Structures are given as C-alpha cells and as structure tokens.
Amino acid sequence: MIRHMLRINDIPRSELGQMLLRAKELKDNDIRNEVLKNKTVILIFEKASTRTRVSFEVAVRHLGGSTVFMTPAESQLGRSEPLEDTAKVLSRYGDALVVRTFGQQKVRTLSENATVPVINALTDRYHPCQVLSDMLTIYERTPELDKVQVAWIGDGNNMAHSWINAAIYFPIYLTMSFPKGYEPDSEIIARALSMGAKINMSYDPVEAIEGAHYVNTDVFASMGQEEEQKKRMEAFMPYQVNSELMQHADPDCKVMHCLPAHRGEEVTAEVLDGPQSIIFDQAENRLHMQKAILEWAVNGLDVDLEAVSKVLAPAPTMASVHSVE
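Keep in mind that this is a model prediction, so the values were computed, not measured.

Reading the values: the criteria
Residues numbered from 1 in each chain as written. Predicted model: local features only at pLDDT ≥ 70, side-chain atom pairs only at ≥ 80, totals over all residues. Heavy atoms only, no water. Helix = DSSP H or I, 4+ residues; strand = E, 2+ residues; numbered from the N terminus. Rg over C-alpha atoms; globule rule 2.2 N^0.38 Å. Contact = heavy atoms within 4.5 Å. Areas by Shrake-Rupley, 256 points an atom, 1.4 Å probe, with all protein chains shown as cover. Lys, Arg positive; Asp, Glu negative; His and termini not counted. Charge placed at Lys NZ, Arg CZ, Asp CG, Glu CD. Patch = residues over 30% accessible without salt bridge, like charges linked within 9 Å, V, L, I, M, F, W, Y side chains within 5 Å. Salt bridge = Lys/Arg side-chain N within 4 Å of Asp/Glu carboxyl O. Buried < 20%, exposed > 50% of the residue type's maximum accessible area, 1.4 Å probe, protein only. Pairing = 2+ DSSP bridges. Axes fitted to C-alpha atoms, helices over the stretch in contact; angles between N-to-C directions. Expected span 1.5 Å × (residues − 1). Arc of directions from axis to C-beta.

Thoughts on the overall build of the protein chain
And step 1. Each helix and strand counted, the protein chain has 13 helices and nine strands in total.
And step 2. In terms of C-alpha radius of gyration, the protein chain reaches 19 Å, essentially the compact-globule figure of 20 Å for 325 residues.
And step 3. With respect to the principal axes defined by its C-alpha atoms, the protein chain has extents near 55 × 50 × 40 Å.
And step 4. Summarising the internal contacts of the protein chain: among those between residues at least 6 apart in sequence, 78% fall at separations of at least 24.
And step 5. As presented, the protein chain carries roughly 13600 Å² of accessible surface, and 50% of it is formed by carbon and sulfur atoms.
And step 6. Looking at charge distribution, the protein chain has the averaged site of its 33 positive side-chain charges lying 5 Å from that of its 45 negative ones.

Here we look at a negative patch on the surface
And step 1. Together, Glu-81, Glu-84, Asp-85 and Glu-112 make up a region of like negative charge exposed at the surface.
And step 2. Mapped onto the elements, Asp-85 comes out in helix α3 (residues 83-93).
And step 3. Residue Asp-85 is classed as partly exposed on the basis of its relative accessible area of 35%.

Regarding the pattern of salt bridges
Where charged atoms of side chains with opposite charge meet at close range, the side chains can pair.
And step 1. The final tally for this structure, using the stated rule, is 18 salt bridges.
And step 2. Notably, a salt bridge pairs Lys-24 with Asp-28, separated by 2.7 Å at the nearest N-O pair. With Lys-24 and Asp-28 both in helix α1 (residues 13-28), this residue pair falls four residues apart, about one helical turn.
And step 3. The exposure class of Lys-24 is partly exposed, given its relative accessible area of 24%.
And step 4. Exposure remark for Asp-28: the relative accessible area of 49% places this residue in the partly exposed category.
And step 5. Measuring nitrogen to oxygen at the nearest pair gives 3.4 Å for the salt bridge that ties Glu-140 to Arg-141.
And step 6. Here the salt bridges share partners, and the residues they tie into one network are Lys-27, Glu-140, Arg-141 and Asp-281.

Some thoughts on the sheet that holds strand β2 (residues 66-70)
And step 1. Taken together, four strands build an open sheet; the order of strands is β2-β1-β3-β4 and the sheet is parallel. The sheet is open, and its two borders are formed by β2 and β4 (118-122), each paired with just one other strand. Strand after strand, the sheet turns through a mean of 20° between neighbouring axes, direction not considered.
And step 2. Strand direction decides the pairing type here: strand β3 (residues 96-100) and β4, joined by four bridges, are parallel. Across the sheet, Val-99 pairs through a bridge with Asn-120, a residue of β4.
And step 3. This element, helix α4 (residues 104-113), spans β3 and β4 of the sheet and lies at about 165° to β4.

Let's talk about the environment of Gly-154
And step 1. Relative to the assigned elements, Gly-154 resides in the loop between β5 (149-153) and α6 (158-169).
And step 2. Once residues lying within four places of it in the same chain are set aside, the contact partners of Gly-154 are Ser-177, Phe-178, Pro-179 and Phe-236.

Points about helix α2 (residues 51-62)
And step 1. If you check α2, its first and last C-alpha atoms are 16 Å apart, about what twelve residues at 1.5 Å a residue would give, namely 16 Å.
And step 2. Looking only at α2, the buried set comprises Thr-52, Ser-55, Phe-56, Glu-57, Ala-59, Val-60 and His-62.
And step 3. Buried residues along α2 sit against β1 (40-45), β2, β3, β4, α5 (128-139) and α12 (279-299).
And step 4. Gly-64 sits one or two residues past α2 and shows a positive phi near 85°.

So, α3
And step 1. Among the residues of α3, Thr-86, Ala-87, Leu-90 and Ser-91 are the ones counted as buried. When α3 is viewed along its axis, its buried side chains cluster within an angular range of 130° and face the same direction.

Structural data, given as structure tokens:
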C-alpha cells in the first residue's frame, strides 16, 4: 500500500497518534537512522520556502537518504508536460515526492499517478506538515491534550483548514476567529464537527482567545495574495495578536506562528519576540515531525495502541464520517 499524506485526514487515526509519539522520540533522543538508506526523496517546490525545504532536506539526511530539489524554472513542471506523466516518471527515479505547490488538485493528481508516496508540503488548501509539527510543539509541553485550548486568530486559510482537521483526531479545544468574508471552508468545518471535533468560531478575537493556552496566527496575505494586501490589512488589523489581546488568554499562554512573520501586522514584535513566544521551538519541530512523516510514508510505523489512545480523541461513529477534499 502506498502511503500518501495530502491532508491530515489521509493518515489512519492510530498511525497519526503513533506519528506524534515517534516525532517526540526522534527529537528527545536525537535519532539518526538508515530508514532511507539508498533511497532518494524528490522535493518539488513551486512555492519558495526556507523552513520547509531545509527541514525536509535535513530530515532525509538524518534518515540516511538523499534528495533532489526541483522548481518550475529548471524542469517541465507547470509547462508542457502533464502532471500525470511527471508523477509516473519521477516514481521511477525516486522513493517519495514532497510537493509544495498552489492548488490541492496538483498533489491529488500526482498521488493518483505516482507509485511512490506523495507528501503535501503545502498547498493553498492545507498545510498538514506545519500543523502536525505544531501539535508536537504543544504535546511536548502539555501532553494532556484534552486540557488544551488552541486559539487560531486570523485568516481562514490552509493553516486554519489543517487545524480544523487536526481537531478531529486530537482532543484539543480549538477556538477560531476571523473577519467576515475570510472564514474557513464551510464543508471542512462541517465535516470536522460531524466527526466530534471541539471547535468554536467567532468574529470576535477576544472571545476566541479567552482562556487559550496557545494562540496561533499567520500572515494577513499569503504567497500569491499580494494584490489583496491593502484590502486584507484593513480587514485583519483588528485581529492583530498584541499585548492587549493576549491579556484575555491564559496567563501562561504561548504564542505560535508558522513563519515568516510580518511584525507589526498580524502580530506585534513585543509579543512575537517576548517570553511567551515559542516560534523557534515550533520551527525546529518541523525537522522532527517530518522525519516521522517520512518514516511512516516509506516504511510504516508500528502502532502501540495503548500509548496512542492517550493522545487521540475518541473515534467518531462511522455514520458521521464523510469526505471533503
């Protein structure tokens, strides 16, 4: 069976729990192994990146493998060659594809035609690697996840969608706030709620952050949305994470950001660089979680059902499960 990860939802529940535990084990023990010995991971990046590229390249090397890095400028990506052909050809050369692109349909098409695992390193719709890494950042501080409130303040974007998906599987309480017109996809929300996710949404950021143990935000305008910058600034400035807003959170609340950050826009420098910020631990954890993701994708993980039951939310009834791309 080929193990693709296009969304958090693509990982079987018990294996997702084991992935979190494995990532912490890899980090705590600084594990390097040869899971990817004599294997090559092909990185296909249509969007530029610092953390995603470097963390994946280092992760592959920690696991004994090698990488090939591709962009549209030095390949047929996005030009004349169909994605279907690209997937079939690259599957003959490499042992996994890590893809950072725009449309979710691109990673879907690659996975449908590849004979090796395809990992979504970011699309406009989802950012599963980042949110799973963020779950590791939270878990290593507060392992009793059912007592954790995570607040998402800002855009209903790919990060918000992946947080919503994470709330299906991990027993966190997710509170979200965004301006009108910038809500997450309603079908993604409906699916999560039908599967038992504990989510509360509000247009009032104070309501969303009230009592939160972790607050997470993102840039007002993501890559590809630069033309909307002025309009978005007007809509999102009331959602800035600043010291005044933070007064409504739990006194020990930690501040998270997937980076890069625009200080003075979605978050103030005082907050982002202050004692409550854990953004660099968060960035480091991309490496450890992506090592676990790669191990799972290429080799699978042995599941300790007793251990994973302590980090997962109860499984939903089958009647409540429905698929949303």
